[in-house]
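# Close look at the chain arrangement
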Amino acid sequence: MDDKPCGPRKRVRHRTLLASVAGCAVLGGVLVLLPWGQEEPPAPDPAARALAAVTSGVPAALPDLEALVEERERHLTKHPRDARAWAVLGSARVEQGLRLADPAYWSRAEKALRTSLKVRPEGNAPALRGLAVLANARRDFAEARTWGEAARKLEPKRWTTYPPLIEAATGLGDHEETAKLLERLTGLRDGPAVMARAAAVYRDRGWREDAAAKLADAVSATGEPAERAAYLERAGQLAWERGDREDALRHFEEAVRIDPDQRAAQAGQGRALAALGRMTEALGVYRVALAKQPRPEYALELGELYESLGLRQAAGVQYGLLRDRVRLAAAHGADEELVLGRFEADHGDARAAVRRLRAEWKRQPSTGVADALGWALHRVGRSEEALRFAVRATEGTRGGGVRSALYVFHRGMIEKEVERYGAARRHLREALQINPYFCPLRVPRAKAALARLGEPSVQAGPGSS
């Protein structure tokens, strides 16, 4: 009787033993593949993460950039003839300047990049690419194109050569060249950075849905927090430009959650919160963004928000900050004439704005400069001439494919001044349809102008509608 239960029990033990042996065999195979005493490879350190980002032309976290700069500087004290290390140091300095809105970093970046070229004057594509990125950061797009083309001559099949060239072509208003460069880039590489670059080009062409889809793909495909946050900020900006306050705010908040140093997203939060009527929160996040990344355009936005609330003294403080930051940028070789011209046209010396923006147009005739120059000309009473630039900024056939509520508002107001009432009415309505919240000062003006224009008369015919 005692022997009967033993058969099934033995079979169970036998199966368990076989399973254990099989499991051990699998585990043993895994252990053979891993280094002895180490279950998984170590995560890259901050300097290594920043190095991977900088050499790929993608955003890096500020603490990682600081670690990389310190590591490269230590290395160069012992190896001052390492041209590649000088190029990496310079490129990291450029990214620091962008993230902190501190042009002083760009002077140091230029010194490092030119030292790299001095150490290795021939075949030094990394230094040439770094100088192209630096020139774009300074808004010197002609020089960026020169450096970028020199890098392309050396490495025509390296994909990282093309994003700086695309940015330069866009800044110069060369939309045909931008399209060719993007086609070349996408033929060489696919991935989050390329998707984000394509999205920027699509946005400038007015292809909003395509741009949003590309950015969504870029966000999903990247694993690094700083890079993901940067693409979320751009997605939030797209949502803002189409007037979707809630979606924009969600993207901006997620970007800041992932990367607390994502100040562009904080400024975006300020825009969206103000549009939602949450003014105290809006002012708070704007102040934080400006304290950590004092870009002139943020000072202009915050100043205009204060002005819309009747707080002229507070607005004046921000306008003073804008002037200070423009002067600092100029001292380090950066061109902030576009934002200064916009400011002067509406809040300062409009004639000075015309002079500045005419010179800017000769240097780099982009869509943004066309809009700003047209508006400045209108502000000094030269609306007939202004209309040519306003059309250039808003007609897709002339390169102005971006759907900007501000640009269309400017065109509508200029058309109203030259008594093209039907076109004015159409474009002012379009501006409010594109983004009903595009500016706290200009939205009320657009609505007031439409009210004064009234409805077209029946006798006036379809051309006046």
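Okay, so let's go over this structure. (Residues numbered from 1 in each chain as written. Predicted model: local features only at pLDDT ≥ 70, side-chain atom pairs only at ≥ 80, totals over all residues. Heavy atoms only, no water.)

## Points about the pattern of salt bridges
Note the following rule: Here, a salt bridge means any side-chain nitrogen of Lys or Arg that lies within 4 Å of a carboxyl oxygen of Asp or Glu. Here a strand is any run of E in DSSP of at least two residues, a helix any run of H or I of at least four, and the numbering for each starts at the N terminus.
As enumerated under the stated definition, the model contains 36 salt bridges in all. The salt bridge partner of Arg 139 is Glu 360, with a shortest N-O separation of 3.9 Å. Linking Arg 139 in the loop between helix H6 (125–137) and helix H7 (141–154) with Glu 360 in helix H19 (residues 350–363), this pair joins segments that are 221 residues apart in sequence. A salt bridge links Glu 395 to Arg 411; its shortest N-O distance comes to 2.8 Å. With Glu 395 in the loop between helix H21 (383–394) and helix H22 (405–417) and Arg 411 in helix H22, this pair connects stretches of sequence that are 16 residues apart.

## Examining the nonpolar core
Keep this limit in mind: Note on terminology: a nonpolar core comprises buried Ala, Val, Leu, Ile, Met, Phe, Trp, Tyr and Cys residues joined through side-chain atoms within 4.5 Å. Any residue under 20% of the maximum accessible area for its type is buried, any over 50% is exposed, and the rest in between are partly exposed; the area is computed with a 1.4 Å probe on protein chains only. Residue contacts are defined here by distance: any two heavy atoms, one from each residue, within 4.5 Å place the two residues in contact.
Within the largest apolar cluster, 54 residues are counted, with the highest numbers of intra-cluster contacts made by Leu 65, Leu 68, Leu 182, Leu 185, Leu 215 and Tyr 231. Not counting residues within four places of it along the chain, the set of residues in contact with Leu 215 comprises Ala 196, Ala 199, Tyr 231, Arg 234, Ala 235 and Leu 238. Leu 357, Trp 375, Met 413 and Leu 428 belong to the second largest nonpolar core, which has 41 residues in total.

## Regarding the packing of aromatic side chains
For clarity, the cut-off: Only the six-membered ring of Trp is used, alongside the rings of Phe and Tyr, when aromatic pairs are assigned; centres must lie within 6.5 Å, and planes under 30 degrees apart are stacked while those over 60 apart are edge-to-face, with the rest tilted.
Inspection of the entire model under this criterion finds five aromatic pairs. Seen from their ring centres, Tyr 202 and Trp 207 are 5.5 Å apart, and the 40° between their planes marks the pair as tilted. Here Tyr 202 falls in the buried class, since its relative accessible area comes to 19%. For Trp 207, a relative accessible area of 38% corresponds to the partly exposed category. Plain terms: the ring middles of Phe 409 and Phe 438 are 5.7 Å apart, the flat faces sit at 50° to each other, and that makes the pair tilted.

## Details of the side chain of Asn 136
Counted only if it meets this: Any pair of nitrogen or oxygen atoms within 3.5 Å is treated as a polar contact; in protein, a donor-acceptor pairing is required on top of that, and neighbouring residues in sequence qualify only through side-chain atoms on both sides.
Within the secondary structure layout, Asn 136 lies in helix H6. For Asn 136, a relative accessible area of 4% corresponds to the buried category. There is a polar contact of 3.0 Å between the side chain of Asn 136 and the backbone oxygen of Pro 164. Look past the residues within four positions of Asn 136 in its chain and what remains in contact with it is Phe 141, Ala 144, Pro 164, Glu 167 and Ala 168.

## Structural notes on helix H9 (residues 175–188)
A turn of α-helix holds 3.6 residues, and therefore any two residues three or four places apart point the same way. Inclusion rule: Expected span of a helix, by definition, is 1.5 Å for each gap between consecutive residues, and there is one gap fewer than residues. Summarising the geometry, the arc corresponds to the directions from the helix axis toward the C-beta atoms.
Taking 1.5 Å per residue as the helical rise, H9 with its 14 residues ought to reach 20 Å, and the 20 Å between its terminal C-alpha atoms agrees with that figure. Burial in H9 covers these residues: Thr 178, Leu 181, Leu 182 and Leu 185. The arc that holds the buried residues of H9, viewed along the axis, is 105°, so those residues lie on one side. Those residues of H9 that are exposed and aimed more than 90 degrees away from the buried face are Glu 176, Glu 183 and Gly 187. Buried residues along H9 sit against H7, helix H8 (162–171) and helix H10 (192–205).

## Some words on the side chain of Glu 241
Along the chain, Glu 241 turns up in helix H12 (residues 225–241). The buried category is assigned to Glu 241, whose relative accessible area is 14%. Not counting the four nearest positions on each side in its chain, Glu 241 is found in contact with Arg 203, Arg 208, Ile 434 and Asn 435.

## Some details on the environment of Gln 318
Of note, Gln 318 is situated in helix H17 (residues 312–331). Using a relative accessible area of 11% as the deciding quantity, one classes Gln 318 as buried. Distance in space between the C-alpha atoms of Gln 318 and Leu 300 is 6.7 Å, their sequence separation being 18 residues. In contact with Gln 318, other than residues within four places in its own chain, are Leu 290, Ala 299, Leu 302, Gly 303 and Tyr 306.

## Observations concerning the packing of helix H14 (residues 263–275) against helix H16 (residues 296–308)
Going by this rule: Note on definitions: angles span 0 to 180 degrees between N-to-C directions of axes, and those axes are lines fitted to C-alpha atoms, for helices only across the stretch in contact. With respect to orientation, any angle under 35 degrees is reported as roughly parallel, any angle over 145 as roughly antiparallel, any angle of 65 to 115 as roughly perpendicular, and every other angle as oblique. Here a crossing is called left-handed whenever its near helix is offset anticlockwise from the far helix by less than a right angle, and right-handed whenever the offset is clockwise. Each residue is assigned to one class: nonpolar for Ala, Val, Leu, Ile, Met, Phe, Trp, Tyr, Cys and Pro, charged for Asp, Glu, Lys and Arg, and polar for all the others, Gly among them.
Viewed as axis vectors pointing N to C, H14 and H16 meet at an angle of 20°, and their least axial separation amounts to 11 Å. Taken together, the axes of H14 and H16 are roughly parallel relative to one another. Crossing handedness for the pair H14 and H16: left-handed. Across the interface between the two elements, Arg 263, Ala 264, Ala 267, Arg 271 and Ala 274 from H14 touch Tyr 298, Glu 301 and Leu 305 from H16. Partitioning the contact of H14 with H16 into residue classes produces five nonpolar, no polar and three charged.

That's the geometry; what it means functionally is another story.
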